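So you can see what is in the structure, the chains are spelled out below.
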Amino acid sequence: MTREQVETEMAQYRTIFTVVRLLDAAQVGGEESVNSCSSCRSCYSYWGKNTPCRNCISRQVLEDHRQRTKLEYMGSEVFQVTAVYREVDGVPCVMELVQKLDGETLIDPENGDRLMDSITRYHTKLYHDALTDSYNRLYFEDELKDKTDPAGVVVLDLDDFKLINDTYGHQAGDMALRTCVDVVRASIRKSDVLIRYGGDEFLLVLPGIERAASWPNWTASGRSCTPPACRGIPVCSCPPASAA
């Protein structure tokens, strides 16, 4: 398509959509310079974001030329965004068609529960570890890493976990992980957050708990804890090398 042809198409779409814009490859999901002109702004800056969307449909469309649609929030308002591939004078581009949705009529009441169930399942799949059902590292990176509220943090590591896998097999290792998680869950509050940070490493975030108050309880708990399913596997708790 020529620039004139695509401008004519965009003018027609503007009678239907709230916003219609054309983005080239440099504007789709790329880093934005502080000196960028208004016509060179990245696609995500329109949504008030400082970094590219993790699920950038415009970048995906630019790669495989398949039309995609998703919902995007700006404050409390909901928008439907459709991205379509266009080649303008030989230059690969993406046309974004943005439509503001009416929150009161976004979905029929009878389908509301189905939507919430779908969102819940998506959130669980995205942020939960499949083996232990604790939160995963992505949850920590997205939801907790930049928080500044006071909280205690416990770092949990399973000693000789590789030896358990090598000696008893991976099924036994999986059982040890699940059992240890069950033991921890039985000792914490509902507000505490258990995260599987790595293979045998966990973080326990304790909102509102200071280290001086929490450490004695955890050493006592660790010394007396022997998971029933892991008899013969030593469980220990060692005090930190130095006090903060």
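1. Points about the overall build of the protein
- Within the protein one finds seven helices and eight strands.
- Total accessible area on the protein stands at roughly 15,800 Å², and carbon and sulfur atoms take up 52% of it.

2. Focus: the pairing of strand β1 (residues 19–24)
- Of all six residues in β1, five are buried; the element is thus mostly enclosed.
- Looking at chain direction, β1 and strand β4 (residues 91–101) are connected through six bridges and run antiparallel. Bridged to Asp24 within β4 is Cys93.

3. Here's the deal with the packing of helix α5 (residues 161–168) against helix α6 (residues 170–185)
- For the pair α5 and α6, interaxial distance at closest approach is 6 Å and the crossing angle is 140°. When the axes of α5 and α6 are compared, the pair comes out oblique. Together, Phe161, Ile164, Asn165 and Tyr168 of α5 and His170, Ala172, Gly173 and Leu177 of α6 make up the contact between the two elements.
- Across the contact of α5 with α6, the residue classes tally to five nonpolar, three polar and no charged.

4. Section: the sheet that holds strand β7 (residues 193–196)
- With mixed pairing, the four strands of this open sheet are ordered in space as β5-β7-β8-β6. In this open sheet, the two edge strands, each paired with only one partner strand, are β5 (135–136) and β6 (151–157).
- Pairing of β7 with strand β8 (residues 201–207), which is carried by four bridges, proceeds in the antiparallel orientation. Opposite Leu194, over in β8, you have Leu204 as the bridge partner.
- Sitting on the sheet, helix α4 (residues 137–144) touches β5, β7 and β8, and the angle it makes with β7 is about 125°.

5. Here we look at the sheet that holds strand β3 (residues 77–88)
- Read from one edge of the open sheet, four strands run β1-β4-β3-β2, paired in antiparallel fashion. The sheet is open, and its two borders are formed by β1 and β2 (68–74), each paired with just one other strand. The mean inter-strand angle of the sheet, taken between neighbouring strand axes irrespective of direction, is 30°.
- Relative to β1, helix α1 (residues 3–13) is tilted by about 150°, and along the sheet it contacts β1, β3 and β4.
- Strands in contact with helix α2 (residues 57–64) are β1, β2, β3 and β4; relative to β3, the strand with the most contacts, it is inclined by about 20°.

6. Structural notes on the confidence of the model for the protein
- The share of residues in the protein with pLDDT of 70 or more is 75%, and the mean pLDDT across the chain is 78.
- Within the model, pLDDT remains below 50 along residues 31–39, and this stretch shows eight contacts once partners closer than five positions in the same chain are excluded.
- Low pLDDT, under 50, characterises residues 220–244; the predicted model gives this stretch 26 contacts beyond four residues in sequence or across chains.

7. Things to note about the pairing of β2
- Both β2 and β3 contribute to a ladder of seven bridges, which runs antiparallel. Paired with Lys70 across the bridge in β3 is Val81.
- Adjacent in sequence and paired antiparallel, β2 and β3 are bridged by two residues, among which Gly75 carries a positive phi angle near 65°.

8. Observations regarding a negative patch on the surface
- Where like charges cluster on the molecular surface, the negative patch consists of Asp157, Asp159, Asp160 and Glu201.
- On the accessibility criterion, Glu201 (38% relative accessible area) is partly exposed.

Calculation rules
- Residues numbered from 1 in each chain as written.
- Predicted model: local features only at pLDDT ≥ 70, side-chain atom pairs only at ≥ 80, totals over all residues.
- Heavy atoms only, no water.
- Helix = DSSP H or I, 4+ residues; strand = E, 2+ residues; numbered from the N terminus.
- Areas by Shrake-Rupley, 256 points an atom, 1.4 Å probe, with all protein chains shown as cover.
- Buried < 20%, exposed > 50% of the residue type's maximum accessible area, 1.4 Å probe, protein only.
- Pairing = 2+ DSSP bridges.
- Axes fitted to C-alpha atoms, helices over the stretch in contact; angles between N-to-C directions.
- Parallel < 35°, antiparallel > 145°, perpendicular 65-115°, else oblique.
- Contact = heavy atoms within 4.5 Å.
- Nonpolar A, V, L, I, M, F, W, Y, C, P; charged D, E, K, R; others polar.
- pLDDT = per-residue confidence, 0-100.
- Patch = residues over 30% accessible without salt bridge, like charges linked within 9 Å, V, L, I, M, F, W, Y side chains within 5 Å.
- Salt bridge = Lys/Arg side-chain N within 4 Å of Asp/Glu carboxyl O.
- Lys, Arg positive; Asp, Glu negative; His and termini not counted.
- Charge placed at Lys NZ, Arg CZ, Asp CG, Glu CD.

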